[in-house]
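Topology and contacts: notes
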Amino acid sequence: MHREAVGFWDGVLGTVQVKTPDPATDILLNGWLLYQSLACRYWARSAFYQASGAYGFRDQLQDAMSLSVPMPALARAHILRAASRQFVEGDVQHWWFPIAGQGVRTRISDDRAWLATVAAHYVETTGDAAILDEPVSFLDGPALREGEHDLYFQPGEADESAPLFEHCARGLDLSLATGAHGLPLIGTGDWNDGMNRVGEAGRGESVWLGWFLYAALLAFAPIAERRGEGRRAATWTAHAEALRAALDREAWDGAWYRRGYYDDGAPLGSSTSEECRIDSIAQSWAAISGAADPARAVQAMESLDRMLVHRGDRLALLFTPPFDKTPLDPGYIKGYPPGIRENGGQYTHAAAWSIMGFAALGQGDKAHELFALLNPINHTATRAGVLRYKVEPYVVAADVYSVAPHVGRGGWTWYTGSAGWLYRAGIESILGLKVKGDRFEVAPCLPTAWPGFEMTLTLHGSAYEIVVRNPAGVSRGVVAVEVDGETQPVVDGKAVIGLGADSARRRVVVTLG
Ligand code: GLC
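Residues numbered from 1 in each chain as written. Predicted model: local features only at pLDDT ≥ 70, side-chain atom pairs only at ≥ 80, totals over all residues. Heavy atoms only, no water.

**Considerations on the nonpolar core**
If you look at the biggest cluster of nonpolar residues, it comprises 150 residues, and the most contacted ones within it are L164, F220, Y257, F440, L457 and I466. Ignoring anything within four residues of it in the chain, the contact list for I466 reads L433, F440, V442, F453, E454, M455, L457 and V508. Core analysis: the next-biggest nonpolar cluster, separate from the first, contains five residues, C40, A47, A398 and Y415 among them. (Core = buried A, V, L, I, M, F, W, Y, C linked by side-chain atoms within 4.5 Å. Buried < 20%, exposed > 50% of the residue type's maximum accessible area, 1.4 Å probe, protein only. Contact = heavy atoms within 4.5 Å.)

Shown next, in the form of structure tokens:
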């Protein structure tokens, strides 16, 4: 039994192993982050700080993205499971209990776009487009009444069932409504659950959701196209373009992007706001989505860096200042003490997106600096650090407090989606490894001081020893690729290597310059 368990973990965690100039980075990427993601987030769905057991609609879907290379069957099963928690109308259970399936129907906006996002990512990673044809039933249950925000009940299975594709598409189709600024309606919350009253009257808008939806629509439109759903694909592509234009026109605050608009049109996350003046996820996703004007994306990330990353305190805040005295009512987030959890603390999930934002702009120094700043090993490297941080050095904390007397104290550990996103930020955004069906790509975005790094990818019975060299001290730009000593072409600035199923051992040398 013990041998089996060890063998299992060696297999999962051994899929990708890295050796970089930073051992603390290696310790997280070679085991702990994926262990946290799989054992705690995906399997247990429970920890000391939240004894839950429920599935969160967006939560385990995001975790599944981090597991789609080492455990594609798990990712597949979960995508289909999540699809089965969608109502005929296209909205979903925000969270539900397994077995009987009780859960909550809400007006939260972003849940509806996660299924398509994660399914598109799964299909790209595994090449398994057949998942889109899997029949999945819908749920049936009472609609929310006028003015009702949510309803907890045990829904029944609807008579209707449809291929996974249709579930994804229905979620996107339901996400196309916009408000006075042409931005998506935030409903009773987007990714930030605590901002549940920004748009409760049905008019408030979300800038973050604009970036996220833009990316979701463009990721899923080609899938629709390939399935002969050209009209849907065209609608989504046109909507993505309209969102891009609206974001460009209505979301820029002068030095960063606003976070959204309240029901009454007051801006959220603006230099004119007393509290929550700048919110990190409106900046990071401007860069990640690729939708923002490039010069503005750079300036937005500079503002994030300047106002939200506190190097001395080792914190990367979600937004600042925290909600406290404003007469505006963003929602239950204001009920948290200032500097705790979503209320202007470090929310590590969002901070992982900031790493990805820097990497999307090619800023490898910033990306790894932030990764190291979030790394719990570095929080606890000294006695003073241990006494301040107070929580485990080997798992990520969902939040780190930002206001005295608790500055730098780790909050809720283990049960956090930041584990999966930090893993992806490290492996994909910094080290640049992306598996795409029958091939993999290497396009790192490194700190300029790194002379290179090594990693191994063991997949489908073959092993690839990848050596990345950085003789010129750049952040990105692949200039040469060799496989077993033979030169290969550089494709769009990346190394692109075919994945065989031939039990081979190949040596891949990638040179940056
Ligand atoms: C919690 C929720 C997650 C949400 C996040 C930010 O981690 O589980 O769904 O996105 O908080 O509010």
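On we go.
**Examining the packing of helix α6 (residues 164-173) against helix α7 (residues 207-226)**
Where α6 contacts α7, the two axes come as close as 11 Å, and the packing angle between them is 145 degrees. Once α6 is placed against α7, the crossing between them reads as left-handed. On α7, the residues that touch F165, C168, A169 and L172 of α6 are L213, A216, L217, F220, I223 and A224. By residue class, the composition of the contact of α6 with α7 is 10 nonpolar, no polar and no charged. (Axes fitted to C-alpha atoms, helices over the stretch in contact; angles between N-to-C directions. Helix = DSSP H or I, 4+ residues; strand = E, 2+ residues; numbered from the N terminus. Left-handed = near helix turned anticlockwise from the far one by under 90°. Nonpolar A, V, L, I, M, F, W, Y, C, P; charged D, E, K, R; others polar.)

**A look at the pattern of salt bridges**
Across all of its chains, the model carries 37 salt bridges by this definition. With its nearest N and O atoms 2.9 Å apart, the salt bridge here joins E241 to R244. Residue E241 and its partner R244 are both found in helix α8 (residues 230-250); the two are separated by three residues, about one turn of the helix. Overall, the relative accessible area of 39% leaves E241 in the partly exposed class. The class of R244 is partly exposed, set by a relative accessible area of 28%. (Salt bridge = Lys/Arg side-chain N within 4 Å of Asp/Glu carboxyl O.)

**Comments concerning the site of the ligand**
Taken together, R58, D59, W191, N192, D193, E342 and Y347 are the residues near the ligand. The side chain of Y347 places a nitrogen or oxygen atom 2.9 Å from an oxygen atom of the ligand. For the ligand, whose unbound accessible area comes to 310 Å², protein coverage reaches 83%. (Near = heavy atom within 4 Å. Polar contact = N/O pair within 3.5 Å; in protein donor to acceptor, adjacent residues only side chain to side chain. Areas by Shrake-Rupley, 256 points an atom, 1.4 Å probe, with all protein chains shown as cover.)

**Comments concerning the packing of aromatic side chains**
One pass over the full model with this rule turns up 30 aromatic pairs. Ring centres of W208 and F212 lie 4.9 Å apart, and the angle between their planes is 10 degrees; on these two criteria the pair is classed as stacked. Placement of both W208 and F212 in helix α7 is noted, with a separation of four residues, approximately one turn of the helix. Comparing W208 with F212, the two get one shared label, buried. For the ring pair F220 and W236, a centre distance of 5.9 Å and an interplane angle of 50 degrees mean the geometry is tilted. (Phe/Tyr/Trp six-rings, centres within 6.5 Å; stacked < 30°, edge-to-face > 60°.)

**A look at a nonpolar patch on the surface**
Residues I27, W32 and Y394 make up a contiguous nonpolar surface patch of roughly 270 Å² in combined accessible area. Mapped onto the elements of the fold, I27 is located in helix α2 (residues 23-44). A relative accessible area of 44% means that I27 is categorised as partly exposed. (Patch = residues over 30% accessible without salt bridge, like charges linked within 9 Å, V, L, I, M, F, W, Y side chains within 5 Å.)

**Quick look at the sheet that holds strand β21 (residues 452-459)**
Strand order in the open sheet formed by six strands is β1-β21-β22-β26-β23-β24, and the pairing between neighbours is mixed. Each edge of the sheet is formed by a strand with only one pairing partner; in this case those strands are β1 (16-19) and β24 (486-488). The mean inter-strand angle of the sheet, taken between neighbouring strand axes irrespective of direction, is 20 degrees. Summarising the sheet, β1 and β21 pair through four bridges and their orientation is antiparallel. Within β21, the residue paired with Q17 across the bridge is T456. (Pairing = 2+ DSSP bridges.)

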